[in-house]
Amino acid sequence: MLRRLSTSPSVSISQRESQSPLPTRVWRAKWLYLALLIPVAMLLIFEWLPAFSALYNSLYIWNGGKVHFYVGLEHYERMLSDRTFRVAITNLISFVFFRVIMQTALPFFAAEMIVNLRSARWSYWWKIIFVFPMVVPTILNYLIWRFIYNPQVGLLNEGLELIGLEQYTHAWIGDPNTVMWALAFVRFPWLPTLQFLIILGGLQTIPQEVHESAAIDGAGFWRRLFYIDIPMTKRQITLAMILTMLFMTQRFDLFLVMTDGGPGYSSMVPALQLYQSAFHFLEFGYASAIGVVLFVAMLALTVINLRVSAIGANA
Amino acid sequence: MFKRMLLLSCFMLIFGAFTGMAQDEITIYATVGAYYPDEPTENNPNPPKMMNELVAEYEAANPGVNIELVDVPSNISGDQWRSTVFNGQNEPHIIVNNYIRVWQEQGNDWYVPLNEYIDGPNPYIPEGTPGHERWADSIPEVVWNTTYHTGSGNQYVVTVNAVAVGFFYNIDMLTEMGIDTDFDISYSLWEDWETMIAEMGAIAETGMKPLALSMSTAAPYTYNWFDGTSLTSMYIDHIESWWEPGASWHALNQREFACAIQNGLISAHDDAFADWLGLLADFEPMWVEGYSTLTNDETYRLFITGEAPFLLQNAASQTINVTRDVDFNWGISYFPPVTETTSPHAANNESAYLVGGFTSGFTVTDRARREGIEEQVVDFLMFLTAQPQWGRVVTDSPRSIPTQFGLDVPDALKPTVAFLELPIRALKDPDPRLSRRYGEDHRRLMQEYFTDQIDLETLIAEEDRLMTREARVVIAENEWNCDFQLE
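Residues numbered from 1 in each chain as written. Chains lettered and ligands numbered in written order. Predicted model: local features only at pLDDT ≥ 70, side-chain atom pairs only at ≥ 80, totals over all residues.

## A short note on the overall build of chain A
Part 1: A count of helices and strands for chain A gives 16 helices and 2 strands.
Part 2: The globule rule puts the C-alpha radius of gyration for 315 residues at 20 Å, and the 26 Å found for chain A is more than 25% above it.
Part 3: Seen through its C-alpha atoms, chain A measures out along the principal axes to roughly 85 × 65 × 40 Å.
Part 4: Looking at chain A residue by residue over its 315 residues, the buried ones come to 30%. (Helix = DSSP H or I, 4+ residues; strand = E, 2+ residues; numbered from the N terminus. Rg over C-alpha atoms; globule rule 2.2 N^0.38 Å. Buried ≥ 20, exposed ≤ 12 C-beta atoms within 10 Å, placed from the backbone.)

## A closer look at the overall build of chain B
Part 1: Helix and strand content of chain B: 20 helices and 10 strands.
Part 2: Taking 2.2 N^0.38 as the reference for a compact globule, 487 residues should give roughly 23 Å; the C-alpha atoms of chain B span a radius of gyration of 24 Å, in line with that estimate.
Part 3: Counting the 487 residues in chain B, one finds 48% classified as buried.
Part 4: For chain B, restricting intrachain contacts to residue pairs at least 6 apart in sequence, the fraction spanning at least 24 positions comes to 74%. (Contact = placed C-beta atoms within 7 Å.)

## Focus: the nonpolar core
Soluble globular proteins tend to bury their nonpolar side chains together.
Residues and elements named next belong to chain B.
Part 1: Counting residues in each nonpolar core, the largest one holds 130 residues, and the members touching the most others are A164, L211, A212, V364 and L381.
Part 2: Split by domain, this core shows at least three residues from each of two domains, domain 1 (27–157 + 359–402) and domain 2 (164–355 + 425–485).
Part 3: Ignoring anything within four residues of it in the chain, the contact list for V364 reads H93, I94, Y111, V112, L114, E374, V377, V378 and L381. (Core = buried A, V, L, I, M, F, W, Y, C linked by C-beta atoms within 7 Å. Domains from an automatic or database assignment.)

## Let's talk about helix 20 (residues 456–478) of chain B
Owing to its 3.6 residues per turn, the α-helix brings residues three or four apart onto one side.
Residues and elements named next belong to chain B.
Part 1: Over its 23 residues, helix 20 runs 33 Å from end to end, which matches the ideal 33 Å to within 8%, given 1.5 Å per residue.
Part 2: All of the buried residues along helix 20 are L459, I460, E463, L466, M467, E470, A471 and V474.
Part 3: Along its buried surface, helix 20 packs onto helix 10 (254–262), helix 11 (271–283) and helix 19 (436–450). (Expected span 1.5 Å × (residues − 1).)

## Concerning the domain arrangement of chain B
Residues and elements named next belong to chain B.
Part 1: Structurally, chain B comprises domain 1 (27–157 + 359–402) and domain 2 (164–355 + 425–485).
Part 2: A C-alpha centroid distance of 29 Å is found between domain 1 and domain 2.
Part 3: With 14 residues of domain 1 in contact, the opposing surface of domain 2 contributes 13 residues.
Part 4: Of all the elements in the fold, those that place two or more residues in the side of domain 1 that touches domain 2 are helix 4 (99–105) and helix 6 (141–147).
Part 5: If you tally residues by element for the side of domain 1 that touches domain 2, the top one is helix 4, at 3 residues.
Part 6: Counted by class, the side of domain 1 that touches domain 2 contains 5 nonpolar, 7 polar and 2 charged residues. (Nonpolar A, V, L, I, M, F, W, Y, C, P; charged D, E, K, R; others polar.)

## Quick word on the interface of chain B and chain A
Part 1: Taken together, the contact pairs 30 residues of chain B with 25 residues of chain A.
Part 2: The set of elements that each furnish at least two residues to the side of chain B that touches chain A consists of helix 1 (2–22), helix 3 (78–87) and helix 19 of chain B.
Part 3: With 6 residues, the single largest contributor to the side of chain B that touches chain A is helix 19 of chain B.
Part 4: Looking at side-chain class alone, the side of chain B that touches chain A contains 5 nonpolar, 14 polar and 11 charged residues.

## Regarding the domain arrangement of chain A
Part 1: Along its sequence, chain A is organised into domain 1 (1–50) and domain 2 (76–314).
Part 2: Between the C-alpha centres of domain 1 of chain A and domain 2 of chain A there is a distance of 41 Å.

## Some details on unusual backbone geometry
All names here are of chain A.
Part 1: The amide bond that connects F188 to the next residue, P189, takes the cis arrangement and shows omega of 10°.
Part 2: Mapped onto the secondary structure, P189 falls in the loop between helix 9 (179–184) and helix 10 (193–204).
Part 3: Of the consecutive residues G262 and P263, the connecting peptide bond is found in the cis state with omega at -5°.
Part 4: With respect to the helices and strands, P263 occurs in the loop between helix 14 (253–258) and helix 15 (270–279).
Part 5: A positive phi angle, near 50°, is found at W190, a position not held by glycine.
Part 6: Here the phi dihedral of L282 falls at roughly 55°; this positive angle occurs in a residue that is not glycine.
Part 7: Tracing the backbone through its elements, the reader meets L282 in the loop between helix 15 and helix 16 (284–314).

## Quick look at the confidence of the model for chain A
Part 1: Residues with a pLDDT of 70 or more make up 93% of chain A, whose mean pLDDT is 86.
Part 2: Considering only residues more than four positions removed or in separate chains, one finds that residues 1–8 of chain A, a stretch of pLDDT under 50, has 0 contacts. (pLDDT = per-residue confidence, 0-100.)

## Details of helix 10 of chain A
Residues and elements named next belong to chain A.
Part 1: With 12 residues, helix 10 extends 16 Å from end C-alpha to end C-alpha; this agrees with the ideal 16 Å at 1.5 Å per step.
Part 2: Those residues of helix 10 that sit buried are Q195, F196, I198, I199, L200 and G202.
Part 3: In the core, the buried residues of helix 10 are packed alongside helix 5 (83–116), helix 6 (120–131) and helix 13 (234–250).

## Digging into the environment of R399 of chain B
Residues and elements named next belong to chain B.
Part 1: Mapped onto the fold, R399 is located in the loop between helix 16 (387–396) and strand 10 (401–402).
Part 2: Taking the C-alpha atoms as reference, R399 lies 9.7 Å from N314; in sequence the two are 85 residues apart.
Part 3: Setting aside residues up to four positions removed in sequence, R399 forms contacts with A34, Y35, A316, S317 and I320.

## Description of the packing of helix 9 (residues 223–234) of chain B against helix 11 of chain B
All names here are of chain B.
Part 1: For the pair helix 9 and helix 11, the least separation of the axes is 9 Å and the interaxial angle reads 140°. Our classification of the angle between helix 9 and helix 11 gives oblique. In this structure, the crossing between helix 9 and helix 11 has a hand that is right-handed. Here helix 9 contributes S230, L231 and M234 to the contact with helix 11, which in turn contributes A272, D275, W276, L279 and L280.
Part 2: Here the contact of helix 9 with helix 11 is composed, by residue class, of 6 nonpolar, 1 polar and 1 charged. (Axes fitted to C-alpha atoms, helices over the stretch in contact; angles between N-to-C directions. Parallel < 35°, antiparallel > 145°, perpendicular 65-115°, else oblique. Left-handed = near helix turned anticlockwise from the far one by under 90°.)

## Some thoughts on the pairing of strand 3 (residues 94–98) of chain B
Part 1: Burial runs high along strand 3 of chain B: 5 of the 5 residues are buried.
Part 2: What you see with strand 3 of chain B is no split at all: I94, V96 and N98 of chain B on one side and I95 and N97 of chain B on the other are buried throughout.

## Some thoughts on the environment of A278 of chain A
All names here are of chain A.
Part 1: One can find A278 in helix 15.
Part 2: Judged by local crowding, A278 falls into the buried class, with 23 C-beta atoms found within 10 Å.
Part 3: Counting along the chain gives 110 residues from A278 to Y168, while the straight-line C-alpha distance between them is 39 Å.
Part 4: Residues in contact with A278, not counting those within four places in the same chain, are E283, F284 and A287.

In structure tokens, the structure reads:
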């Protein structure tokens, strides 16, 4: 009786609300809509408009100033014969491939380690340790790594000299043969906080009973890993992989700060080429075309990834 | 509560807008290049401060006028900064800029032609001093000729200082290695390019890379300096045929160089071009390891810590720093001439060519016109560049050699005066020589060649493709006619 008394008025109010005409309902909530209008307008102006204007600008030669004329698909044709773009794509594929594997596998093992700890206190402190790098500004991290790789006074070469391996000292980011590896190793041991938290969250939702049943059935750590943990966190792993792929494809700050794409084009990636085309060469049209191609490629990869994961999950 | 806050915000926005409109004071924003009065820091304990005094004096004499000095962020390139502020229409009214950049950007109508003003009197220059009756007369004709834009017939830049580049060298270190530190010729340690290569090569054979320089595209780079001056030397017999009619020896503008490419007067397939590539390839083994990613600051540190006996740098602004930072004996030399010992194409060079010179000056931007305060902005520029004021700026912090008549060269910069007497290099840095794209791609191609990623044949083919494409683009964008070189 009490329950009926408490719920029935609210149901009737919401029913009455939904029966009112739309303009009346909007008018009643006008202040909320007004407040919503500002962030939506900001989002449209500063996020959506520039993104969609790229499609339009990719059909023009535009120097950011008064030079602005239609050239159709010329920028896309140019991209096909652009040696820099080809090198950039090749570099990107190898970099993203390496990072997606590392930035998914290592956070997964770190999360596994934490959920397997018996001491809640230790588990807590390990989480803090893994999440702490989040507060260090990324750019600072890159500058530290730049110093580590410095050929004359860098920590890496100094360390090699210290242990008698001076023959291996090297201009790590100044040599086209080592630069991409050196950049791939930046932020070693690749424990990105977001991916780590996503996977940790997934592992923590696996019911304890499942692990207990597996233990009773005699499953060891590896069996449990491959037959329980990985299958049951497939969605989280997929999400971590997609996010890593998106982040790494968009990433140009690392390359800009560490090498600016050099020596030559040996560490050029499309996002950096886009940035340079726009803000260094004032070729906003060509930069927009690169942006459009990147967007389409990322969208396609994400869809493929989701489809493959869905097939895997249903199999 | 929420409604009240929303209304209050709207009211404040509207009130703020009206308050701004009601102001009748003028604020002039200006960049002043190396003379920006920074706060002292550990690395820069004595920053220039005279600008603050001059601003205060001008504001006192002109009630209602405020001057705000603007520091250009050091973490982005000047090009990026300008494209951002101009497109956002919040550019300062006065900008220190390289005249070549002004030429490259004039299609955007970003700068105000100053012809009318420089032909008029400058009241801040004392009577009897050159420039009092005609502002232009305070600065030598050669400076105006250098910065004059032949294409438009306009003068956009007031250049009141000159700089040169040079090799700082560690006398103690070189003496210890048994290397002669006396000048072979009036401006250089070496009588010719080959002597320089031989001496530096002797140091390189001991396992030390002798020359600290940066070829990094992530930072200001010094590589470009000898790229332009050595190319000038290789084409000495041809450059005159590239000039616009009636010109005398000068730094070529984009039109002249682009047309020379289009008209087949210079090509990457030339023998002279191949000799030039060979010259650069011979020089590369002398550069410190990692030169392609080192910044200027990092190369500077290598010199002051004694890890490299030579440093290629701006001979004006870095002189103050070197004087402050090192405890060894040092000197400053200039590039040697490239002669027929290096290539038969360089046989007619009588000297090396000046890198630097009257490169940067003050420009007045379109914002002054948009806001209707052009006269006031130019008045402040006249005040700032008049000899009594500019003399104080340079004396306070000798970072460049003043160009105006009646001003002395600061003692610290006297060794570089001989460099400034050399003829200007006809071919500037790759970037202002043709286009930004050319500058960047050319540097990257050279890096690929130096690091054995591409062979000579590929380099020449890529250079040819790049030069041809960029020449075509700049000619088309500016609708230039190139017939003058064929007459």
